Amino acid sequence: MTVLEILRSGVDRVRKPRGLRRQRDLLQNLAAPIGLLLVWEIAARAGLVNVRYFPAPSSIAETLGSLAASGELWSHTSVSLQRLAVGLVIGAVPGVVLGLLMGLYRPIRVTFDPLIAATYPIPKSAILPLILLIFGLGEASKIAMVAIGAFYPIAINSMAGTLEINRTHLDIAKNFGAGPWQTFRTVALPGAMPMILAGIKLGVGLSLILVVLAEMVGARSGLGYLVYYSWQIFAVQTMYAALIVIGILGFLFNVILTELERVVLPWRRP
């Protein structure tokens, strides 16, 4: 056996257990929700729960299928995703930049850290009336809510990640004549990337909550509007169907960001 064949066999032995672990983890992730749905279905069919408020998952699945077939579900979902994407970009880019600058330069940190510490604990739902007053009932208010929800966790995590960078790396960059932009791009950004991605995960989850909340007020489209309108006309199956789609989106975002973390941070793979 050649050296190349030995190396290939060793790589295959490593990949197989890792692939098996990922399949096992996926099955474990699906086991809990599937088990809950089975218990819910049995309880609904046995009359243990009030089906007016807790309809059987099978009836919700039928409603979900009819909404998807009619195109109504895709229309509302695409509108929510567009608002979410635009708001995330508007909130995430300044959050990353400001967080890195706060971590690198003490004067900037001293200036902005009190402002972030004072405004971050304010419930974002409590400022929705103010956002509506400033931006109106159109798209701008929904996007602004998403941007606000994404900005804070991303900025705070970016700053924390930059502060965790070994000062030796910054000193080495300075000694080699790296300017502010080079230090920002080659040292601060890669060094803080694990915390930045963690902040993005938090920001995406919070932004999804806020876009649904904003769509319940003054909107005529979106998953939040679908939930609120279904509640108004007591279409419980439709309301549950929209909530399930929101949950699926949250799960998919987490999976996508986890895979992105595997690509961007290969050294952190187990």
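Above this note sits the structure.
This section reports on the structure supplied with the text.

Procedures and definitions
- Residues numbered from 1 in each chain as written.
- Predicted model: local features only at pLDDT ≥ 70, side-chain atom pairs only at ≥ 80, totals over all residues.
- Heavy atoms only, no water.
- Core = buried A, V, L, I, M, F, W, Y, C linked by side-chain atoms within 4.5 Å.
- Buried < 20%, exposed > 50% of the residue type's maximum accessible area, 1.4 Å probe, protein only.
- Helix = DSSP H or I, 4+ residues; strand = E, 2+ residues; numbered from the N terminus.
- Contact = heavy atoms within 4.5 Å.
- Arc of directions from axis to C-beta.
- Salt bridge = Lys/Arg side-chain N within 4 Å of Asp/Glu carboxyl O.

### Notes on the nonpolar core
(1) Moving on: Among the nonpolar cores identified, the biggest contains 40 residues, and Leu 84 and Leu 100 are the most heavily contacted of them.
(2) Moving on: Elements that contribute at least two residues to this core include exactly helix H2 (57-70), helix H3 (72-104), helix H6 (139-163), helix H7 (167-175), helix H8 (180-215), helix H9 (223-232) and helix H10 (236-264).
(3) Moving on: The element best represented in this core is H8, accounting for eleven residues.
(4) Moving on: Every residue in contact with Leu 100, bar those within four places of it in the chain, is listed here: Ser 158, Thr 162, Phe 184, Ala 188, Leu 189, Ala 192 and Ile 196.
(5) Moving on: Counting eight residues, the second-largest nonpolar core is a separate cluster that includes Ile 127, Ile 131, Ala 144 and Leu 210.

### Some details on helix H5 (residues 128-135)
(1) Moving on: Burial in H5 covers these residues: Leu 128, Ile 131 and Leu 132. Around the axis of H5, the buried residues are gathered within 100° of arc, so they sit on the same side. When the buried face of H5 is taken as reference, the exposed residues oriented beyond 90 degrees from it are Pro 129, Leu 133 and Ile 134.
(2) Moving on: Summarising the contacts, the buried residues of H5 are in contact with H6 and H8.
(3) Moving on: Positive backbone phi, approximately 85°, marks Gly 136, located one or two places after H5.

### A few points about the pattern of salt bridges
Note on pairing: side chains with opposite charge can pair once their charged atoms come close.
(1) Moving on: In total, this model carries five salt bridges according to the counting rule given.
(2) Moving on: Between Arg 83 and Glu 215 there is a salt bridge, with the nearest N and O atoms lying 2.8 Å from each other. With Arg 83 in helix H3 and Glu 215 in helix H8, this pair connects stretches of sequence that are 132 residues apart.
(3) Moving on: Overall, Arg 83 belongs to the buried group, its relative accessible area being 3%.

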